[in-house]
Amino acid sequence: MSKLGNLGARLHRGEISYDFIGHRKLWYGISILITITAILGLAVRGLNMGIDFQGGAVFTTEKTSVSVSQAEDFAKEASGHDAVVQKLGNGTLRIQIAGMDTKQSDQIKTDLAKDFKVDPESIAADLVGPSWGDQIANKAWQGLAIFMVLVVIYLAIAFEWRMAIAALVALIHDITITVGIYALVGFEVTPGTVIGLLTILGYSLYDTVVVFDSLKEQTKDITKQNRWTYSDIANRSINGTLVRSINTTVVALLPVAGLLFIGGGFLGAGTLNDISLSLFVGLAAGAYSSIFIATPLVADLKEREPAMKALRKRVLAKRSQATAEEELAEVRGDFSDEGEPEDSAHAVVGPRTQPASRGRGRGRPSGKRR
Amino acid sequence: MAAPKRGRSASAQSKPGRALALILIAIVALTGGMFLSGHTTPRLGIDLAGGTSITLEAKADQGSAINKANMDTAVDIMNRRVNGLGVSEAEVQTQGDRNIIVNIPKGTNSKEARDQVGTTAKLYFRPVLAQEATGAAAATPSPSASGSSTASPSPSASKSGTGEKATSSSSPSATATSQGRAVSDALKADSTPSASASASSSASPSAPASNAPSAAQAKLQAQYAALDCSKKAQRTAAGEGAKPGEPTLGCGESSGVWYKYLLGPAAVDGTEVKKAQAVFDTQTAAGWQVTMTFTGKGAKKFADITGQLAKNTQPQNEFGIVLDGEVVSSPYVSSSITGGSAQISGSFTQDEAQNLANMLSYGALPLSFQEQSVTTVTAALGGDQLHAGLLAGAIGLLLVVIYLVAYYRGLSLVAMASLLVSGILTYVLMALLGPAIGFALNLPAVCGAIVAIGITADSFIVYFERIRDEIREGRSLRPAVERAWPRARRTILVSDFVSFLAAAVLFIVTVGKVQGFAFTLGLTTVLDVVVVFFFTKPLMTLLARRKFFASGSKWSGLDPKSLGAKPPLRRTRRPAPVETKEA
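Every value quoted in this text rests on a predicted model; they were computed, and no experiment measured them.

A.B. asks: So what exactly am I meant to see when it comes to the overall build of chain B here?
C.D. replies: Along its length, chain B carries 21 helices and 13 strands. Here chain B holds 583 residues, and 55% of them are scored as buried. A separation of at least 24 residues holds for 76% of the contacts in chain B among residues at least 6 apart in sequence.

A.B. asks: I'm lost on the overall build of chain A in this one. Help?
C.D. replies: When helices and strands are counted, chain A shows 16 helices and 6 strands. In chain A, the share of contacts with a sequence separation of at least 24, taken over all contacts with a separation of at least 6, comes to 77%.

A.B. asks: Would you take a moment to explain the packing of helix H15 (residues 411-437) of chain B against helix H16 (residues 443-472) of chain B for this structure?
C.D. replies: Angle between the axes and distance between the axes: these two values describe a pair of packed helices. All names here are of chain B. At a closest axis distance of 10 Å, the pairing of H15 and H16 adopts a crossing angle of 140°. The pairing of H15 with H16 is recorded here as oblique in orientation. By crossing handedness, the relation of H15 to H16 is classed as right-handed. Taken together, the residues of H16 that come into contact with H15 (itself represented by Leu 411, Ala 415, Ser 418, Leu 419, Ser 422 and Thr 426) are Ala 449, Thr 456, Ala 457, Phe 460 and Phe 464. Tallied by class, the residues present in the contact of H15 with H16 amount to 7 nonpolar, 4 polar and no charged.

A.B. asks: Explain the packing of helix H6 (residues 132-158) of chain A against helix H7 (residues 161-185) of chain A here, please?
C.D. replies: Residue and element names in this part refer to chain A. Between H6 and H7, whose axes approach to 7 Å, the crossing angle comes to 145°. As for how H6 packs across H7, the hand of that crossing is right-handed. The segment H6 lies against H7, with Met 148, Val 152, Leu 155 and Ala 156 engaging Trp 161, Met 163, Ala 164, Ala 167, Leu 168 and Leu 171. Grouping the constituent residues of the contact of H6 with H7 by class yields 10 nonpolar, no polar and no charged.

A.B. asks: Could you clarify how one ought to interpret the environment of Ala 19 of chain B in this entry?
C.D. replies: Residue and element names in this part refer to chain B. Counting through the fold element by element, Ala 19 comes out in helix H2 (residues 16-37). Sequence separation of Ala 19 and Phe 535 is 516 residues, and the distance between their C-alpha atoms is 7.0 Å. Filtering out sequence-adjacent residues up to four positions away, Ala 19 remains in contact with Phe 534 and Pro 538.

A.B. asks: How do you make sense of helix H12 (residues 296-310) of chain B when you look at a structure like this?
C.D. replies: The first and last C-alpha atoms of H12 of chain B sit 21 Å apart over 15 residues, in line with the 21 Å expected at 1.5 Å per residue. What H12 of chain B keeps buried is the set Gly 298, Ala 299, Phe 302, Ala 303, Ile 305, Thr 306 and Leu 309 of chain B.

A.B. asks: Please clarify how the nonpolar core should be interpreted in this entry.
C.D. replies: Side chains that are nonpolar tend, in soluble globular proteins, to be buried together. Core analysis: the biggest nonpolar cluster contains 183 residues, and Ala 75, Ile 95, Ala 167 and Leu 198 of chain A together with Val 102, Cys 447 and Ala 457 of chain B have the highest contact counts within it. When residues of this core are assigned to their parent elements, the largest contribution, 18 residues, is made by H16 of chain B. Residues within four places of Ala 75 of chain A in sequence aside, it is in contact with Ala 83, Val 85, Ile 95, Ile 97 and Leu 112 of chain A. One finds Leu 227, Tyr 259, Ala 266 and Ala 342 of chain B within the second-largest nonpolar core, a separate group that totals 49 residues.

A.B. asks: Looking at this structure, how should I read the sheet that holds strand E8 (residues 273-281) of chain B?
C.D. replies: Strand pairing in a sheet relies on backbone hydrogen bonds. The paired strands run either parallel or antiparallel. Residue and element names in this part refer to chain B. Read across the open sheet, the 3 strands follow the order E8-E9-E12; overall the sheet is antiparallel. Across the chains shown, the open sheet's two edge strands, defined by having one partner strand only, are E8 and strand E12 (341-348). Neighbour to neighbour, the strand axes of the sheet diverge by 20° on average, direction disregarded. As defined by bridge partners, E8 adjoins strand E9 (residues 287-294) across 8 bridges and the pair is classed as antiparallel. Across the sheet, the residue bridging to Val 279 is Gln 289, located in E9.

A.B. asks: Please clarify how the confidence of the model for chain B should be interpreted in this entry.
C.D. replies: Regions with low pLDDT carry predicted coordinates that are not meant to be interpreted in detail. Residue and element names in this part refer to chain B. With 67% of its residues at a pLDDT of 70 or more, chain B has an overall mean of 70. Every residue in residues 136-212 is under pLDDT 50, and counting partners more than four places away or in other chains gives 178 contacts. This model gives residues 569-583 a pLDDT under 50, and the stretch forms 24 contacts once residues within four places in sequence are excluded. As scored by the predictor, the complex reaches a pTM of 0.65 and an ipTM of 0.74.

A.B. asks: Can you help me understand the pairing of strand E2 (residues 56-60) of chain A in this one?
C.D. replies: One face of the sheet, then the other: side chains in a regular strand alternate in exactly this way. All names here are of chain A. Across the 5 residues that make up E2, a large majority, 5, are buried. Across the two faces of E2 the burial is the same, with Gly 56, Val 58 and Thr 60 and Ala 57 and Phe 59 all buried. Inspection of the sheet shows E2 paired to strand E4 (residues 93-98) by 5 bridges, in the antiparallel sense. Residue pairing in the sheet places Val 58 in a bridge with Gln 96 of E4. Summarising the sheet, E2 and strand E5 (residues 124-128) pair through 5 bridges and their orientation is antiparallel. Of the residues in E5, the one forming a bridge with Thr 60 is Ala 124.

A.B. asks: Hey, could you run me through H15 of chain B in this one?
C.D. replies: Along an α-helix, residues three or four positions apart point the same way, because every turn accommodates 3.6 residues. Look at H15 of chain B: 37 Å from first C-alpha to last across 27 residues, which is about the 39 Å you get at 1.5 Å a residue. The positive-phi residue at the C-terminal boundary of H15 of chain B is Gly 438 of chain B, with phi of around 75°.

A.B. asks: Sorry if this is basic, but what is going on with the sheet that holds strand E3 (residues 83-87) of chain A here?
C.D. replies: Taken in spatial order, the 8 strands of this open sheet run E3(A)-E4(A)-E2(A)-E5(A)-E13(B)-E1(B)-E3(B)-E2(B), and their pairing is antiparallel. Two strands bound the open sheet, and with one partner strand each, they are E3 of chain A together with strand E2 (91-95) of chain B. Between one strand axis and the next, the sheet turns by 20° as a mean value, whatever way the strands run. Where E2 of chain B lies against strand E3 (residues 99-105) of chain B, 5 bridges are found, and the strand directions are antiparallel. Counterpart to Gln 95 of chain B in the pairing with E3 of chain B is Asn 99 of chain B.

A.B. asks: What is the right way to read the pairing of strand E1 (residues 51-59) of chain B from this model?
C.D. replies: Residues and elements named next belong to chain B. Of all 9 residues in E1, 8 are buried, a share of seventy percent or more. Bridge count for E1 against E3 is 7 bridges, and the pairing is antiparallel. Bridge pairing in E3 places Ser 53 opposite Asn 103. Both E1 and strand E13 (residues 368-377) contribute to a ladder of 9 bridges, which runs antiparallel. Note that in E13 the partner of Leu 56 across the bridge is Glu 371.

A.B. asks: What should I look at first to understand the environment of Leu 263 of chain B in this one?
C.D. replies: Here Leu 263 of chain B lies in strand E6 (residues 257-263). Taking C-alpha positions, Leu 263 of chain B is 9.3 Å from Val 322 of chain B, a pair spaced 59 residues apart along the chain.

Quick notes on the rules
- Residues numbered from 1 in each chain as written.
- Chains lettered and ligands numbered in written order.
- Predicted model: local features only at pLDDT ≥ 70, side-chain atom pairs only at ≥ 80, totals over all residues.
- Helix = DSSP H or I, 4+ residues; strand = E, 2+ residues; numbered from the N terminus.
- Buried ≥ 20, exposed ≤ 12 C-beta atoms within 10 Å, placed from the backbone.
- Contact = placed C-beta atoms within 7 Å.
- Axes fitted to C-alpha atoms, helices over the stretch in contact; angles between N-to-C directions.
- Parallel < 35°, antiparallel > 145°, perpendicular 65-115°, else oblique.
- Left-handed = near helix turned anticlockwise from the far one by under 90°.
- Nonpolar A, V, L, I, M, F, W, Y, C, P; charged D, E, K, R; others polar.
- Expected span 1.5 Å × (residues − 1).
- Core = buried A, V, L, I, M, F, W, Y, C linked by C-beta atoms within 7 Å.
- Pairing = 2+ DSSP bridges.
- pLDDT = per-residue confidence, 0-100.

In structure tokens, the structure reads:
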């Protein structure tokens, strides 16, 4: 891990960096491709909606010796509908019967109990009316819409509208990808999935907000210098917070992985599994989008501003003019930058443009540097 | 800009002990409170403890609006009904704007409770057009039928009773009726032996058909003729989809015999009953009776309908009290009842009278409800799920701790201590919120808590990375800790706010399991801020004074060398402008 710490240090100093902004077209392309695939998957395959969305019943028995195929027969006999039976990790059976209303299911439960030769009270039942899922879904969409509006307003106030829009695009991107994966893989969609999906909202933005925070801080006095364009500094922000982003994602994914492992392995199915699966997919997408989509998008939008355009012009002019005396300029630049307290250091230290000066700077005895 | 920041960080630095003491006192106080209150474990939800949870959705098909007042009334009514069954700790609460959740703990008769809350339809007073006993039972004289027929002559008695009653109504002219079913028993010459007493007044069931010979009427008439109320399926179908303004069919049971009714359009709405109660009439020895008071509008309507009904002969002088398509009672009327209050008398037992009174006052649910989901969880499954949730949490926590230790070394102690404090606070608050606001820990809530481990740990990561950045800049630990704080603080606040916003929106807008999840997520996000401000930061300040950390020991996680720090700063050429950038 100290390697990562070391990486963090080098990223911090800008010794190594990845040009996220420069390669943004590539990542936009990849994202658009994934999004199209997701939408196609959604359109062609559709989502595998669980019992909660179509109405029906899920019965969970106690540990039993009845086999899956036997249970299927019993259930079909009792309900007149096809049943899906799963054997769970702890020896219990999970019987799903779609397309009946909550009133019928009492009778079915009693019949099943008779077939299984157990007490009806020992069978857990989850009975769902046909419109319950719609209500959950509608509420979820409503929540999503309200949240998006609020968060855009908040980000527009706390940061600026460009960042708000970029964050929103990243958010929609994450949700589309997650939904697309559900459609393509055919995971069952349950209220638990919806919970997970809605949680991604908070998480995806959480990550994005941290990068934006650093970006805002570093670009505060951007127009007062003419060494770096907005894109340069945005790139620096991403690289600077990269270690944190990785750490955050890992730390967020670890408990979710625990949930997924236990939910999938121990209980076989159910709320734990559903929530953690969609969280897992969404978190991964969220980490990706805050780095590769949101920030480059902000940079793109920002570069359209007249002030930033002017800055870019100045910077480019200065760079071309300074090519000849670069060495000298570098030294001076280093000099004034690196001694400064963090803000200005962040703002001015060039990440990828001046590798030569870095090497030299480090080689020198420290005393001489100032 | 620099000055106030300095001041703040200086004061924070100088009093780290105070903040730590504050949070420790808070923990001790809360924990003490928890033990004092006797609720040392969070209340478990139905899916973890076992029991039955019913979700009902209000339907807006009856013309009354789904609003908060109506929903609250409905919850109140259901609460009384469920708890009236002797179900202890059953809870009824609204969720979202149109759902009601009824949670019934294990060990109680959930089926009966479900039936009770399930029959939550509206109550109407409809004039009876025709009635008849149905099924095989109809021929069998039941003992209580003859018993009730003795009550039939009571109208005069209760009429005088009405006059003497100290009700607030100004002119309680008459309500005197016998219990509907008793009367109907008496009417059926062929069904009950006692009926002979009033058999002369028996009207032919087909009488209403001549009054309104429309096609719809004829159809209804045919349905009425075919209706057999002794069959359950027919019974449920009979009153289904009945509109208040149209005639309909209904079934009613008395002493094990089912009667079928042809009912006119609703004359009075159940919501227009202001109050109804069972009283024991000692004055006239009429026994248990039910008094009811109408609202102003209801009183007028009731006076109109009773005035009309009184002119008819039996059974057309009866009105059926129809609850969810079932005729729960059909008293007859002998004269117009004005003044807004009335009695129903007959040979009620105390239970019968109270039931009827309950139905009259509480049966008048302002909305109709549809069962949306019914979850029955056995205690074994609940235990399994709780077990799995806790195990998942433990594994998740362990993984996070391993990662933190590997990455942050000594600093991870701070993180772990902070996680511990956060965990204790979460647990204690959950335990306390159970009795306080009815919070119940369900499976999604456990999930929320586990997911929150990540959010909480992330705040430390933000702060630690900041400190490390400062050290890389060449600062020694103490100033690094202080300088890193304002930045980290802002980042933590902004990101936690977004997270909290998501939780709050979810909590307000969504229904069902999502709410439990959102609540825990919101709670832990708030606690995260509290812990970082009052625990992690002061602890860091204190630890920065320790040699182990301050000297940058290899195991402290703050070793300048392994962090790749620059050599110490010399501030000779550092001019002021830099400082202004701090904020």
